[in-house]
Amino acid sequence: MMRIEPGDLAAVMELDPAIIDEEDAVKFHTGLLAVTMYRKSHRLWTEGKLKKARKVNNKAHRLTGCDIHPGATIGERFFVDHATGVVIGETAVVGNDVTIYQGVTLGGVSFEKGKRHPTVGDCVVIGANATVLGDIVIGNYVRIGAGSVVLKDVPDNSTVVGVPGQVVERDGVKIEKKDVLRHNDIPDCFMDEIAKLRSEVDALKAAVGKKDGAR
């Protein structure tokens, strides 16, 4: 039986309300299985046992639908809520207490060797089907909204939405751990801009109306 990291199991127990108990998590949580198999493949990779590492990686992909390259570096308490469609590239670096949802890609935009995948900080939440591409840095306490496409660095304590991703500052207020699942509760910067434009148009109409009335 593969060794399950206590921190990874603790993250599942804390963040997945559907889990019955630890036995349920160990036997049936596909995200935990994907992370556990990644940990094993990564150990083999760092020991220079590259083909054995790839074999474990391939098996994990077939069993869980999650493809985490053995060369990726991932911190403690990594939580994958449903493993299906998750892809994490070879040179990706992921910090501690990171949560990702189904369909997330941490991918590259180059065929060159070297660092070509994202670096993700601590306490980051990446929503379902979000795509983060290239050798960019995602800061600490960042939320990336579901379906967003992120191509540029993201500063600490901010939220990203849209295609391409737009950063919305959060005034330095850190995301509390209890809010980690709320990847749907994010600002809509596009609707905010539309609302501002409508307000400006209304103000212009009112100004024009006053001038016409004064004639």
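My aim in this report is to walk through the structure given alongside it, one point at a time. It should be emphasised that the depicted structure is a prediction, and the values quoted were computed from it without experimental measurement.

1. Overview of the pattern of salt bridges
Move 1: Using the criterion set out here, one finds nine salt bridges in the structure.
Move 2: The shortest N-O distance in the salt bridge between Asp8 and Arg39 comes to 2.9 Å. On the criterion of sequence distance, the pair formed by Asp8 in helix H1 (residues 6–15) and Arg39 in helix H3 (residues 30–46) is long-range, its members being 31 residues apart. In this pair, the class of Asp8 matches that of Arg39, namely buried.
Move 3: As a salt-bridge pair, Glu23 and Lys27 come within 2.9 Å of each other at their nearest N and O atoms. Of this pair, Glu23 and Lys27 both sit in helix H2 (residues 22–28), separated by four residues, roughly a single helical turn.
Move 4: On the basis of relative accessibility, which here comes to 48%, the residue Glu23 falls in the partly exposed class.
Move 5: Through salt bridges with shared partners, one network takes in Arg3, Glu5 and Arg43.

2. What about the sheet that holds strand E2 (residues 73–74)?
Move 1: The strand order across the open sheet formed by four strands is E2-E5-E8-E11, and the pairing between neighbours is parallel. The outermost strands of the open sheet, each flanked by one partner alone, are E2 and strand E11 (137–138).
Move 2: Where strand E8 (residues 119–120) meets E11, two bridges bridge the pair, whose relative direction is parallel. When the sheet's bridge partners are listed, Thr119 is paired in E11 with Val137.

3. Some remarks on the packing of H3 against helix H4 (residues 50–64)
Move 1: It is at 8 Å that the axes of H3 and H4 come closest, and there the two elements cross at 170°. Classified by the angle between their axes, H3 and H4 sit roughly antiparallel to one another. Taken together, the residues of H4 that come into contact with H3 (itself represented by Thr30, Leu33, Ala34, Met37, Lys40, Ser41, Leu44 and Trp45) are Leu50, Lys52, Ala53, Arg54, Val56, Asn57, Lys59, Ala60, Leu63 and Thr64.
Move 2: Of the residues belonging to the contact of H3 with H4, the class tally is 10 nonpolar, four polar and four charged.

4. As for the sheet that holds strand E7 (residues 105–107)
Move 1: Read across the sheet, five strands follow the order E1-E4-E7-E10-E13 without closing on themselves; strand pairing throughout is parallel. Sheet topology places strand E1 (67–68) and strand E13 (149–150) at the edges, where each strand pairs with a single neighbour.
Move 2: With two bridges joining them, strand E4 (residues 87–88) and E7 adopt parallel strand pairing. Note on E7: the bridge partner recorded for Ile88 is Leu106.

Definitions and limits used
- Residues numbered from 1 in each chain as written.
- Predicted model: local features only at pLDDT ≥ 70, side-chain atom pairs only at ≥ 80, totals over all residues.
- Heavy atoms only, no water.
- Salt bridge = Lys/Arg side-chain N within 4 Å of Asp/Glu carboxyl O.
- Helix = DSSP H or I, 4+ residues; strand = E, 2+ residues; numbered from the N terminus.
- Buried < 20%, exposed > 50% of the residue type's maximum accessible area, 1.4 Å probe, protein only.
- Pairing = 2+ DSSP bridges.
- Axes fitted to C-alpha atoms, helices over the stretch in contact; angles between N-to-C directions.
- Parallel < 35°, antiparallel > 145°, perpendicular 65-115°, else oblique.
- Contact = heavy atoms within 4.5 Å.
- Nonpolar A, V, L, I, M, F, W, Y, C, P; charged D, E, K, R; others polar.

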